[in-house]
Amino acid sequence: IPNISEMAAWFGWGGVGDTEIDWKAYMAQVEGVINGTYDYTQLQGDTGPLVYPAGFVYIFMGLYYATGRGTDIRMAQNIFAVLYLVTLLLVFLIYHQTCKVPPFVFFFMCCASYRVHSIFVLRLFNDPVAMVLLFLSINLLLAQRWSWGCCCFSLAVSVKMNVLLFAPGLLFLLLTQFGFRGALPKLGICAGLQVVLGLPFLLENPVGYLSHSFDLGRQFLFRWTVNWRFLPEALFLHRAFHLALLAAHLTLLLLFAICRWHRTGESILSLLKDPSKRKVPPQPLTPNQIVSTLFTSNFIGICFSRSLHYQFYVWYFHTLPYLLWGTPTRWLTHLLRLLVLGLIELSWNTYPSTCCSSAALHICHAVILLQLWLGPQAFPKSIQHSKKAH
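Residues numbered from 1 in each chain as written. Predicted model: local features only at pLDDT ≥ 70, side-chain atom pairs only at ≥ 80, totals over all residues. Heavy atoms only, no water.

Let us now look at the overall build of the protein chain. Across its full length, the protein chain holds 17 helices and 2 strands. The globule rule puts the C-alpha radius of gyration for 390 residues at 21 Å, and the 21 Å found for the protein chain is close to it. Overall size of the protein chain, expressed as C-alpha extent along the three principal axes, is 65 × 55 × 50 Å. Among the 390 residues that make up the protein chain, the fraction classed as buried is 52%. (Helix = DSSP H or I, 4+ residues; strand = E, 2+ residues; numbered from the N terminus. Rg over C-alpha atoms; globule rule 2.2 N^0.38 Å. Buried < 20%, exposed > 50% of the residue type's maximum accessible area, 1.4 Å probe, protein only.)

Here you go:
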């Protein structure tokens, strides 16, 4: 039976010498906390200050001790290889409940992405850790364990803030299922866990902790961008461009919430009411409604991100099959969907990114957005009305 290191070699994951990007910086930042520094403004690594929430610190502190103070890279690779397999298991469980994606697409998810294998096992980024917790959260939501699902969602956010791209979809689901008053305890779980995890750092320097770990205005370097290479650097860095992207992001989220997700015939403000007081009493959310809303919410955020770096690919790679096959339209055939997946993979594997690779990525994203807008709805209006009549 091959060991994990041999399996890594089969997938092209390479050896110890190929790993170093952020791992040493992570270990230096965690070591600062171990040595008693709880002021986030004083925690530094080779790549700069610590910019991730407290959950990251605790998880990578465990990895610090498990890998001989961060020196045993081979052990770290083995741990992340297991994390990769757990991620696939959780994603397969999600897809098993939706029954939307044809089995042949899973080959692409498992074997066809060198970039994803590299992000998990070669580079040892924190993004995969956040995403495995996110997929665990979605599985709990599908099992109707809403409180535990919100707890895991908040834990994922505490590792890396990108998980907040799923938050608008989660908020919509909570309001649909429970109304405003019923959703408050679930939202309280999310907020309370962040406070508990960050308490040692909040007590030391609350402004420093919040400004570093939840810095929404952090500037990205143009040389690492995957999605905006065709823009002049001055425009890429301009605040007006960032605000325009944010406005487009919020506008599209609102349009999807009103026109695609909310299909009862009532105003979207009816979601604030207690479910028993609505004109159309809510039905239990189906797996496809939950998954479609969350994956679409995240994907819209990806499309309008100020910058995408190479490790960010795992933010949505495992959701792409559902986004393409979950709401199929006749004009987008299986062959065209596979072409979109291939072009996205090619764009993420082009280093450094080029004007053509960035443009191709945006074209593929636009095709998926159009597919999501025109495809069959996860919240069909006619079904809601027929249930009301019945």
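Moving on, we get to the UniProt feature "transmembrane region" (unreviewed entry) in the protein chain. Taking the UniProt record as the reference, the feature "transmembrane region" (unreviewed entry) is found at residues 50-67, 79-98, 129-147, 153-175 and 240-259. Segment residues 153-175 splits into 61% helix and 0% strand. End C-alpha atoms: 16 Å apart. Structurally, residues 240-259 comprises 100% helix and 0% strand, and the distance from its first C-alpha atom to its last is 28 Å. (UniProt positions renumbered as here; feature names shortened; annotations may be inferred.)

Before going further, it helps to examine the packing of helix H12 (residues 239-261) against helix H16 (residues 355-374). Axis separation between H12 and H16 bottoms out at 11 Å; the angle between their running directions is 25 degrees. Taken together, the axes of H12 and H16 are roughly parallel relative to one another. Along the contact surface, H12 presents Leu252, Leu255, Phe256, Cys259 and Arg260, while H16 presents Leu369, Leu372 and Trp373. In terms of residue class, the contact of H12 with H16 is built from 7 nonpolar, no polar and 1 charged. (Axes fitted to C-alpha atoms, helices over the stretch in contact; angles between N-to-C directions. Parallel < 35°, antiparallel > 145°, perpendicular 65-115°, else oblique. Contact = heavy atoms within 4.5 Å. Nonpolar A, V, L, I, M, F, W, Y, C, P; charged D, E, K, R; others polar.)

What follows deals with the side chain of threonine 176. Relative to the elements of secondary structure, threonine 176 occurs in helix H9 (residues 167-204). A distance of 2.8 Å separates a polar atom in the side chain of threonine 176 from the backbone oxygen of phenylalanine 172. Leave out the neighbours within four places in its chain, and threonine 176 touches Leu271, Arg278, Pro282 and Leu285. (Polar contact = N/O pair within 3.5 Å; in protein donor to acceptor, adjacent residues only side chain to side chain.)

Another point: helix H13 (residues 287-303). If you check H13, its first and last C-alpha atoms are 24 Å apart, about what 17 residues at 1.5 Å a residue would give, namely 24 Å. Most of H13 sits out of view: 16 of its 17 residues are buried. (Expected span 1.5 Å × (residues − 1).)

All right, on to the packing of aromatic side chains then. Aromatic ring pairs are described here by two measures, namely the spacing of the ring centres and the angle between the planes. Inspection of the entire model under this criterion finds 36 aromatic pairs. With a centroid separation of 5.1 Å and an interplanar angle of 75 degrees, the aromatic rings of tyrosine 26 and phenylalanine 56 are classed as edge-to-face. Residue tyrosine 26 is located in helix H2 (residues 23-34), and its partner phenylalanine 56 is located in helix H3 (residues 54-66); the two are separated by 30 residues in the primary sequence. For the residue pair tyrosine 26 and phenylalanine 56, the accessibility class agrees, reading buried in each case. What links up through ring pairs into an aromatic cluster is the set Tyr38, Tyr40, Tyr58, Phe201, Tyr209 and Phe214. Here lysine 186 stacks its cationic end above the ring of phenylalanine 178, 4.5 Å away from the centre of that ring. (Phe/Tyr/Trp six-rings, centres within 6.5 Å; stacked < 30°, edge-to-face > 60°. Lys NZ or Arg CZ within 6 Å of the ring centre and 35° of its normal.)

Right, let's get into the confidence of the model for the protein chain. Here the protein chain shows a mean pLDDT of 89. Residues at 70 or above account for 91%. Note that residues 1-18 has pLDDT below 50 and, in this model, 33 contacts with residues that lie over four places away or in other chains. Note on residues 382-390: pLDDT is under 50 here. Beyond four places in sequence and across chains, it has 8 contacts. (pLDDT = per-residue confidence, 0-100.)

Moving on to the nonpolar core. Core analysis: the biggest nonpolar cluster contains 114 residues, and Phe60, Phe295, Ile344 and Trp348 have the highest contact counts within it. A per-element tally of this core places helix H4 (residues 73-98) first, with 11 residues. The contacts of phenylalanine 295, once residues within four sequence positions are left out, are Ile94, Tyr95, Phe135, Ile138, Phe166, Thr319, Tyr322 and Leu323. (Core = buried A, V, L, I, M, F, W, Y, C linked by side-chain atoms within 4.5 Å.)

Here we take up the pattern of salt bridges. Oppositely charged side chains can form a pair if their charged atoms are brought close together. All told, the structure shown has 1 salt bridge when counted by the stated rule. The residue aspartate 127 makes a salt bridge to lysine 160 at a minimum N-O spacing of 2.8 Å. Of this pair, aspartate 127 sits in helix H7 (residues 127-142) while lysine 160 sits in the loop between helix H8 (146-157) and H9, and the two are 33 residues apart along the sequence. Aspartate 127 sits in the buried class, given a relative accessible area of 0%. (Salt bridge = Lys/Arg side-chain N within 4 Å of Asp/Glu carboxyl O.)

Turning our attention to unusual backbone geometry. Leave glycine aside and you will find that most residues have negative phi; peptide bonds, for their part, are mostly trans. A cis geometry characterises the amide bond from tyrosine 351 onward to proline 352, with omega recorded as -10 degrees. Within the fold, proline 352 resides in the loop between helix H15 (334-348) and H16. Within the chain, glutamine 144 stands out as a residue other than glycine whose phi angle is a positive 65 degrees.

Turning next to H16. With 20 residues, H16 extends 29 Å between its outermost C-alpha atoms, agreeing within 8% with the 28 Å of an ideal straight helix rising 1.5 Å per residue. Looking at H16, one finds that the buried residues are Ser357, Ser358, Leu361, His362, Cys364, His365, Ile368, Leu369, Gln371 and Leu372. Looking at the buried residues of H16, the elements they touch are H12, H13, helix H14 (320-325) and H15.

With that settled, the discussion passes to the environment of threonine 225. Tracing the backbone through its elements, the reader meets threonine 225 in the loop between helix H10 (206-213) and helix H11 (233-237). Separated by 150 residues in the primary sequence, threonine 225 and glycine 375 place their C-alpha atoms 31 Å from one another. Sequence-distant contacts of threonine 225, that is, excluding residues within four places in its chain, are made with Phe236, Ser307, Leu308, His309 and Ser353.

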